There are 2 protein chains.
Amino acid sequence: MAVAELDASPWTRPRERGRERAIKRDAVLRAAAQLFNEFGYHDTSLAMVAARLQVTKPTLYYYIRNKEEILFECVRLGLELLRSAIADAAASGGSAVDKLEAAMHEYALIVTRDFGMCLIRVGEDPLAPPARKKLRRLKAELDHEFRALIEQGVAEGSLAPCDPKLAAFTIAGALSWIGRWYDPSGPLGSEAVARESIAVLMSGLSPRRGRAGAGAR
Amino acid sequence: MAVAELDASPWTRPRERGRERAIKRDAVLRAAAQLFNEFGYHDTSLAMVAARLQVTKPTLYYYIRNKEEILFECVRLGLELLRSAIADAAASGGSAVDKLEAAMHEYALIVTRDFGMCLIRVGEDPLAPPARKKLRRLKAELDHEFRALIEQGVAEGSLAPCDPKLAAFTIAGALSWIGRWYDPSGPLGSEAVARESIAVLMSGLSPRRGRAGAGAR
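The rules behind each value
Residues numbered from 1 in each chain as written. Chains lettered and ligands numbered in written order. Predicted model: local features only at pLDDT ≥ 70, side-chain atom pairs only at ≥ 80, totals over all residues. Heavy atoms only, no water. Least-squares fit on C-alpha atoms with pLDDT ≥ 70 in both. Contact = heavy atoms within 4.5 Å. Axes fitted to C-alpha atoms, helices over the stretch in contact; angles between N-to-C directions. Helix = DSSP H or I, 4+ residues; strand = E, 2+ residues; numbered from the N terminus. Parallel < 35°, antiparallel > 145°, perpendicular 65-115°, else oblique. Left-handed = near helix turned anticlockwise from the far one by under 90°. pLDDT = per-residue confidence, 0-100. Expected span 1.5 Å × (residues − 1). Core = buried A, V, L, I, M, F, W, Y, C linked by side-chain atoms within 4.5 Å. Buried < 20%, exposed > 50% of the residue type's maximum accessible area, 1.4 Å probe, protein only. Nonpolar A, V, L, I, M, F, W, Y, C, P; charged D, E, K, R; others polar. Buried area = accessible area lost by both parts, 1.4 Å probe. Salt bridge = Lys/Arg side-chain N within 4 Å of Asp/Glu carboxyl O. Polar contact = N/O pair within 3.5 Å; in protein donor to acceptor, adjacent residues only side chain to side chain.

A. Just the relation of the copies chain A and chain B, in detail. For the pair chain A and chain B, the best superposition has an RMSD of 0.1 Å and corresponds to a rotation of 180 degrees with a translation of 0.0 Å parallel to the axis. The transformation just described matches what one would write down for a two-fold rotation axis. A shared interface surface links the copies, since 100% of the contact residues of chain A are contact residues in chain B too.

If you want it as structure tokens, here you go:
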């Protein structure tokens, strides 16, 4: 009876409250990322974020300090998603080329979604130098992990010899660009875009000879 | 004697004046592009542009109306350089794959230079909707010309079968990205970067079999 009474309290219990706050903060960040991606960082106001969530602007300040903090968190989350996708791929079994393809696939999908797209479309440029510096360090780590996968592939012979640094930039550029032009409400599915872009990067534009027909990939 | 006296006039002759104005306007745009590329659009002021050119801010207004007009012109010039590089390549002799490689090579070099880099690093996003719309139309034309080269290559068999639209985006992404990370004062030459990126895009990351050794590109 006492327990039932406690459950029936109209106030949220402390542990629940922490979880609820995290969910709501994520909703604030996600709504802001969508608006940044659509209208650009400078043309998005906190009033627009509040309107999209159907709350008042003061409510937002319970979860975030200001627009700069929102952008920092959106870009950080985008980078964190990419970093963990590459780490997961690197930790999976298989050859280096399998790991690289898995990492590329996740990378392409992430930049079509809210935080990954915000990382590409807005990025750290509008932020103050200390915030920019932190995010650039995370980016450099990401480049490094991508490059390490390519170096492994070249060493084991599952990738063609190349300059791993420039190859990593070429891949990152081709995949990141998807976040610039991709329209989630458009006719192309993100899976198909990821597959085709990766096919071009793995097989190259030149026809491969010595395989079944010119159409072989 | 009369002619010598005219030549000795301390005022510039009208025809010369038009040319001089164009040269000075270009210098204003170029200095601004360099500052935008280094500090970002929002952190660059007209006072900084004037200081770099060692002129007063009012002098700048003889050549441009405001910062928005400068960015519009920088991005437009970047797009114009790319468009004419692709058109030149398309008009040159040779197979479609030769034309495509020539266009890619020029594209990669252009994005390492002032206006091309400004197109990639800043782009049209900070501008008002009508200006943004004009520049996006130019971009769409560019995409279309790139795609046409790829379609020709696939049709004549000098390129592997692919989705020309997605292949064009993949190439444009990989090459545009160079403008994001390339440091003209760094150790890598732009020619070497262009060559290596194009090699990855043409040959792919997977080893090509049936040619001399694993190292063959």
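Resuming the write-up.
B. Representation of the packing of helix H6 (residues 96–110) of chain B against helix H10 (residues 190–203) of chain B. Residues and elements named next belong to chain B. Two elements in contact, H6 and H10, have axes separated by 9 Å at closest approach and are oriented at 140 degrees. For the element pair H6 / H10, the angle class is oblique. The way H6 lies across H10 gives a crossing that is right-handed. Along its contact with H6, which presents Val97, Glu101, Met104, His105, Ala108 and Leu109, the element H10 presents Ser190, Glu191, Ala194, Ile198, Leu201 and Met202.

C. Just the confidence of the model for chain A, in detail. All names here are of chain A. Of all residues in chain A, 93% attain a pLDDT of 70 or more, and the chain-wide mean is 91. Within the model, pLDDT remains below 50 along residues 211–217, and this stretch shows 12 contacts once partners closer than five positions in the same chain are excluded. On the interface metric, ipTM, the complex scores 0.84, and its pTM is 0.87.

D. Main features of helix H8 (residues 129–156) of chain A. Its 28 residues place the ends of H8(A) 41 Å apart at the C-alpha level, agreeing with the 40 Å of an ideal helix rising 1.5 Å per residue. Taken from the residues just after H8(A), A:Gly157 is the one with a positive phi, measuring 85 degrees.

E. Region of the structure containing the nonpolar core. In terms of nonpolar packing, the biggest core is built from 133 residues, with A:Met104 and B:Met104 touching the most fellow members. Examining the composition of this core, we find that 11 residues originate from one element, helix H9 (residues 164–181) of chain A, more than from any other. Setting aside its immediate chain neighbours within four residues, B:Met104 contacts A:Leu205, B:Phe146, B:Ile171, B:Leu175, B:Ile198, B:Leu201 and B:Met202.

F. Structural context of the packing of helix H2 (residues 14–39) of chain B against helix H3 (residues 46–53) of chain B. Residue and element names in this part refer to chain B. Two elements in contact, H2 and H3, have axes whose closest approach is 9 Å; the angle formed by their N-to-C orientations is 120 degrees. Between H2 and H3, the interaxial angle falls into the category oblique. The way H2 lies across H3 gives a crossing that is right-handed. Facing H2, whose interface residues are Ala27, Val28, Ala31, Ala32, Gln34, Leu35, Glu38 and Phe39, H3 presents Met48, Val49, Arg52 and Leu53. Here the contact of H2 with H3 is built from residues that sort into 9 nonpolar, 1 polar and 2 charged.

G. Region of interest: the interface of chain A and chain B. Facing 45 residues of chain A, the contacting portion of chain B comprises 46 residues. Interface of chain A and chain B: buried area, both sides summed, is about 3800 Å²; carbon and sulfur atoms make up 62% of it. Considering only the surface of chain A that becomes buried against chain B, A:Leu166, A:Trp177 and A:Leu205 emerge as the three largest contributors, covering 19% of it. Our count for the chain A to chain B interface comes out at 2 salt bridges. A salt bridge links A:Asp43 to B:Arg132; the shortest N-O distance between them is 3.8 Å. At the junction of chain A and chain B, the tally comes to 21 residue pairs in polar contact (both at pLDDT 80 or more). If one sorts the elements of the side of chain A that touches chain B by residue count, H9(A) sits on top with 12 residues. Of the residues contributing to the side of chain A that touches chain B, the split by class is 24 nonpolar, 11 polar and 10 charged.

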